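Take a look at the letters that make up each chain.
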Amino acid sequence: MTIWTTIFLLLGGVAGGLLSSIASMASLASYPVLLAVGIPPVFANVTNDAALIWTSIGSTVSSTKELKGHWKQVWFYMIFTVVGSIIGCMLLLSFPSSVFEKAVPFFIAFSGIMIIVSGKHHSLNTKKQPTWLKIIYFIALLIMGAYTGYFGAAGGVIVLVLLTYITNERFIVINAIKNVICGFANLVALIIFIFTSHIYWLQAIRLAIGMFIGGYIGPAILRRVPEKPIRIFIATLAFVQAGYFFYKAYLH
């Protein structure tokens, strides 16, 4: 591996870490980087998952202020995403990811719309929501955990939207919680993939170093930028990624 490939992976990791911690869109940068250095698509997806763990570690270390007093929520929500991730990995081992490919663009586009619409939700009181609606949200969280383990494209954005409707916390707090619970879901998927697939560790380590740096910087940026522009930024990236996956699924 040349020094230029190493630098390319490190920079791709930083970009992926920033996009993950701020906009839940790491794969928009990191996945193409792995493809560009010659890793086959299926293994690039698994290798990307190995590196993504460090984005969550970096953003969690950087978000201790936002997470203070919210760890009970984190552990509770994490149960749903982790169990879902295990189910998703089992599905991935049984069925090809192409089963989801045609639906993914519409999931991502919908999440882009919802990330903007959910910005108005803070005027509502989640404690007054009917029990059946809360159950639906938690089931959706379980499904998104499965989606993360199975395919994962922009799953963090949809989890972010769900958390916005489950809790009344500030956006920066919700984003921090999302980073932790999605990180654990990815960790569970990684443990399973270590024994069932092939990971390109040399590339993953270099990408992971960059992702840790990007993941650490991301929350600091969020503290200094108003919420509305961040939501618009996330939604825009969601639409871009939806267009990319639509092209791959239907036009390529």
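These numbers come from a predicted model, not from an experiment.

Colleague: What am I meant to see in the overall build of the protein here?
Modeller: From N to C terminus, the protein includes twelve helices and zero strands. Mapped from its N terminus to its C terminus, the protein presents α and β elements in the order α-α-α-α-α-α-α-α-α-α-α-α. A compact globule built from 252 residues should have a C-alpha radius of gyration of about 18 Å, and the protein, at 17 Å, falls within 12% of that. For the protein, contacts bridging at least 24 residues in sequence account for 84% of all contacts bridging at least 6. If you sum the accessible surface of the protein, you get close to 11900 Å²; carbon and sulfur atoms cover 74% of it. Where the 16 positive side-chain charges of the protein centre and where its 5 negative ones centre are 6 Å apart.

Colleague: Would you explain the side chain of Ser-20 in this entry?
Modeller: Inspection of the secondary structure puts Ser-20 in helix α1 (residues 3-23). Apart from residues no more than four positions distant in its own chain, Ser-20 is found in contact with Met-25, Ala-26, Leu-52, Thr-55, Lys-178 and Asn-179.

Colleague: Where do I start with the pattern of salt bridges in this structure?
Modeller: If the charged atoms of two oppositely charged side chains come close together, the side chains can form a pair. This model, assessed by the stated rule, comprises one salt bridge. Glu-66 serves as the salt-bridge partner of Arg-223, at 2.8 Å between the closest nitrogen and oxygen. Of this pair, Arg-223 sits in helix α11 (residues 201-224) while Glu-66 sits in helix α4 (residues 64-67), and the two are 157 residues apart along the sequence. A relative accessible area of 6% places Glu-66 in the buried class.

Colleague: Would you mind showing me how to read the side chain of His-70 here?
Modeller: Residue placement: His-70 occurs in the loop between α4 and α5 (71-94). According to the relative accessible area criterion, His-70 is buried, its value standing at 12%. Not counting the four nearest positions on each side in its chain, His-70 is found in contact with Glu-169, Val-173 and Ile-177.

Colleague: Can you walk me through the packing of aromatic side chains in this structure?
Modeller: Centre-to-centre distance and the angle between the planes together describe a pair of aromatic rings. Counted according to the given criterion, the structure contains 13 aromatic pairs. Ring centres 5.3 Å apart and planes at 90° place the aromatic pair Phe-76 and Phe-138 in the edge-to-face group. Taken together, the positions of Phe-76 in helix α5 and Phe-138 in helix α8 (residues 131-150) put the pair 62 residues apart, joining distant regions of the chain. Summarising the aromatic geometry, the rings of Tyr-137 and Tyr-165 are spaced 6.1 Å apart at their centres and angled 40° between planes, so their arrangement reads as tilted. Of this pair, Tyr-137 sits in helix α8 while Tyr-165 sits in helix α9 (residues 155-166), and the two are 28 residues apart along the sequence. Taken individually, Tyr-137 and Tyr-165 each receive the classification buried, so the pair is uniform in this respect. Following the ring pairs from residue to residue traces out a cluster consisting of Phe-76, Tyr-77, Phe-80 and Phe-138.

Colleague: I would appreciate a short explanation of α11 in the present structure.
Modeller: An α-helical segment advances 3.6 residues per turn. Residues three or four places apart therefore align on the same side. With 24 residues, α11 should cover 34 Å at 1.5 Å per step; its first-to-last C-alpha distance of 35 Å lies within 8% of that length. Those residues of α11 that sit buried are Gln-203, Ala-204, Leu-207, Ala-208, Gly-210, Met-211, Gly-214, Gly-215, Gly-218, Pro-219 and Leu-222. Of the surrounding secondary structure, the elements contacted by the buried residues of α11 are α1, α2 (27-36), α3 (41-62), α10 (171-196) and α12 (227-251).

Rules used throughout
- Residues numbered from 1 in each chain as written.
- Predicted model: local features only at pLDDT ≥ 70, side-chain atom pairs only at ≥ 80, totals over all residues.
- Heavy atoms only, no water.
- Helix = DSSP H or I, 4+ residues; strand = E, 2+ residues; numbered from the N terminus.
- Rg over C-alpha atoms; globule rule 2.2 N^0.38 Å.
- Contact = heavy atoms within 4.5 Å.
- Areas by Shrake-Rupley, 256 points an atom, 1.4 Å probe, with all protein chains shown as cover.
- Lys, Arg positive; Asp, Glu negative; His and termini not counted.
- Charge placed at Lys NZ, Arg CZ, Asp CG, Glu CD.
- Salt bridge = Lys/Arg side-chain N within 4 Å of Asp/Glu carboxyl O.
- Buried < 20%, exposed > 50% of the residue type's maximum accessible area, 1.4 Å probe, protein only.
- Phe/Tyr/Trp six-rings, centres within 6.5 Å; stacked < 30°, edge-to-face > 60°.
- Expected span 1.5 Å × (residues − 1).

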